[in-house]
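This is what each chain is made of:
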Amino acid sequence: MNYQKILQEIKDEVKPILNKGKIADYIPALGRVNPSHFAMSLSLFDGRTFGVGDVEHKFSIQSISKVFTYSMAISHYEKILHKRVGHEPSGNPFNSLVQLEYENGIPRNPFINAGAIVITDMLNSKYKEKTFSKILDFIKSVNNNQNINYDKEVASSEAEFGYRNMALVNMMKSFKNITNNIEDVMDIYFKQCSISMSSSELSRAMLFLANHGIDPITKARFLTSSQAKRVSSLMLTCGHYDASGDFAFRVGLPGKSGVGGGIVAIVPEHMSICVWSPGLNSKGNSLAGTKALELFTTKTGLSIF
Ligand code: GLN
């Protein structure tokens, strides 16, 4: 298959909609991104990579970080993790408070904000003051790349305007589902959302999930195959919040989005993909990014169904 040609076709076809989405502007640092950016990267098991557009441009990974933190937590807390966070789609926006109250502070899944905050709390119990550097180390190792960091300006903006996330964490603390100090947990959560990576880096970083938990290039094992199955299953059912069904219907791959405009997806036993376009749809997922992935699975026939 001529992947480079297919990526180029996709880039041309989504061009007219790049400016149709809305840039995340809940914090000023994200609102300044140029909406006409586009990048799409593929990583294959044999080390070959393909890409079009701004593939080396670093952007804010935001909720894509939840895939990494859930992967870290599931390998340490496999038996007890899902007593504190569910594994069902929420059918609600990523930062919704409503369901959390009537479900007694147990978030529906690790990929909505509340669920990711509980996961960060669990990692904080294990790693204490080293938690954020352990998260960065994990991402560096799945990416086989040391050049990953977070954007301090985005992180402090997240903290300054994080009213809703603070409401979520306080509500969960009142239900005793947060065990550490709220300020410590949120400092880590805001930093993990503010990690900057390029589409070529993110696509490389997802290869272990496409290969049952083992990096196909370095052969390092990060998860058991059962754990990798769980992470990928939740990406399929919960990776796009209340648009997860729509994403599965249109794209047919496990994927995870972030409000920075990135989406990662995996084709099990074949490849991993990242697409970046900062304009979002009404559910907070990249508008042109979702379309690009839909075009990719339609043109290549590579989906899990
Ligand atoms: N930093 C964002 C928030 O916590 C992450 C949400 C997202 O990417 N969907 O609101």
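Before reading on, note that the structure itself is shown above.
Every chain is numbered on its own, with residues counted from 1 as its sequence reads. Only residues with pLDDT of at least 70 get local features here, since the model is predicted, and only at 80 or more are side-chain atom pairs given and counted; chain-wide, interface and lining totals rely on the full set of residues. Only hydrogens and water are set aside; all other atoms, that is, all heavy atoms of the structure, feed into the side-chain values.

## Considerations on the packing of aromatic side chains
When two rings of Phe, Tyr or Trp (its six-membered ring) have centres within 6.5 Å they constitute a pair, described as stacked for plane angles under 30 degrees, edge-to-face for angles over 60, and tilted for the intermediate range. Evaluated as defined, the whole model comprises nine aromatic pairs. On the basis of an interplanar angle of 75° and a centroid distance of 5.6 Å, the ring pair of Phe-208 and Phe-222 is categorised as edge-to-face. Taken together, the positions of Phe-208 in helix H12 (residues 207–210) and Phe-222 in the loop between H12 and helix H13 (225–238) put the pair 14 residues apart, joining distant regions of the chain. Relative accessibility under 20% of the residue-type maximum defines a buried residue, over 50% an exposed one, and the middle range a partly exposed one, all with a 1.4 Å probe and only protein chains included. Its relative accessible area of 18% is what places Phe-222 among the buried residues. Members of the aromatic cluster, each reached through a chain of ring pairs, are Phe-138, Phe-208 and Phe-222. Here a strand is any run of E in DSSP of at least two residues, a helix any run of H or I of at least four, and the numbering for each starts at the N terminus.

## Some words on helix H9 (residues 163–174)
For H9, built from 12 residues, the straight-helix expectation of 16 Å at 1.5 Å per residue is met to within 8% by its first-to-last C-alpha distance of 16 Å. Listed in full, the buried residues belonging to H9 are Asn-165, Leu-168, Val-169, Met-171 and Met-172. Taken around the axis of H9, the buried residues stretch over an arc of 160°, which confines them to a single face. Opposite the buried face of H9, by more than 90 degrees, sit the exposed residues Tyr-163 and Ser-174. Whether two residues are in contact is decided by their heavy atoms, any of which lying within 4.5 Å being enough. In the core, the buried residues of H9 are packed alongside helix H5 (98–102), helix H6 (113–127) and helix H10 (182–193). Multiplying one less than the number of residues by 1.5 Å gives the expected span of a helix. The directions from the helix axis to the C-beta atoms form the arc being described.

## Topic: the sheet that holds strand S1 (residues 39–44)
At least two DSSP bridges between two strands are needed for those strands to be called paired. Across the sheet, five strands lie side by side as S2-S1-S8-S7-S6; this open sheet has antiparallel pairing. Strand pairing shows two members of the sheet lacking a second neighbour, strand S2 (49–53) and strand S6 (255–257), which therefore form its edges. Averaged over all pairs of adjacent strands, the angle between their axes in this sheet comes to 10°, without regard to strand direction. Of the strands in this sheet, S1, S2 and strand S8 (271–276) touch helix H1 (residues 3–14), which is tilted by about 20° from S2. The angle between two axes is taken between their N-to-C directions and runs from 0 to 180 degrees, where each axis is a line fitted to C-alpha atoms and a helix contributes only its stretch in contact.

## Some details on the sheet that holds strand S4 (residues 149–150)
Whenever strands of a sheet pair, they do so through backbone hydrogen bonds, lying parallel or antiparallel. Strand order across the open sheet formed by three strands is S3-S5-S4, with antiparallel pairing between neighbours. At either end of the open sheet lies a strand with only one pairing partner, and these are strand S3 (59–60) and S4. Across two bridges, S4 lies against strand S5 (residues 195–197) in antiparallel orientation. By the bridge assignment, Tyr-150 is partnered in S5 with Ile-195.

## Here's the deal with the pattern of salt bridges
Working definition: two side chains of opposite charge can pair if their charged atoms are close together. A pair is scored as a salt bridge if a Lys or Arg side-chain nitrogen falls within 4 Å of a carboxyl oxygen belonging to Asp or Glu. In the structure shown here, the tally under the stated rule is 16 salt bridges. Here Glu-294 and Lys-291 are joined by a salt bridge, their closest N and O atoms 3.9 Å apart. Remark: Lys-291 and Glu-294 occur in helix H15 (residues 287–300); sequence separation between them is three residues, near one turn of the helix. Linked through salt bridges whose partners overlap, the residues forming this network are Lys-5, Glu-9, Glu-13 and Lys-299.

## What to know about unusual backbone geometry
Unlike most non-glycine residues, Tyr-241 shows phi in positive territory, near 55°. As for its placement among the helices and strands, Tyr-241 is situated in the loop between H13 and helix H14 (244–250). With phi around 65°, Glu-269 is a residue other than glycine that occupies positive phi space. With respect to the helices, strands and loops of the structure, Glu-269 is situated in the loop between strand S7 (262–267) and S8.

## Quick word on the site of the ligand
Nearness is defined per residue: one heavy atom within 4 Å of the molecule or strand is enough. Around the ligand, the neighbouring residues are Tyr-26, Gln-62, Ser-63, Phe-94, Asn-113, Glu-158, Asn-165, Tyr-189, Cys-193, Tyr-241, Gly-258 and Val-259. Throughout this description, a polar contact denotes any pair of N or O atoms lying within 3.5 Å of each other; where both atoms belong to protein, one of them has to be capable of donating a hydrogen while the other can accept it, and for residues adjacent in sequence the pair is counted only when both atoms sit in side chains. In the environment of the ligand, an oxygen atom lies 2.9 Å from a nitrogen or oxygen atom belonging to the side chain of Asn-165. Within the side chain of Tyr-189, one N or O atom sits 2.9 Å away from an oxygen atom of the ligand. Note on areas: Shrake-Rupley, 1.4 Å probe, and residue coverage restricted to the protein chains presented here. Relative to its unbound accessible surface of 300 Å², the ligand loses 96% to contact with the protein. Across the shell around the ligand, the residue classes break down as six nonpolar, five polar and one charged. The classification used treats Ala, Val, Leu, Ile, Met, Phe, Trp, Tyr, Cys and Pro as nonpolar, Asp, Glu, Lys and Arg as charged, and all other residues, Gly among them, as polar.

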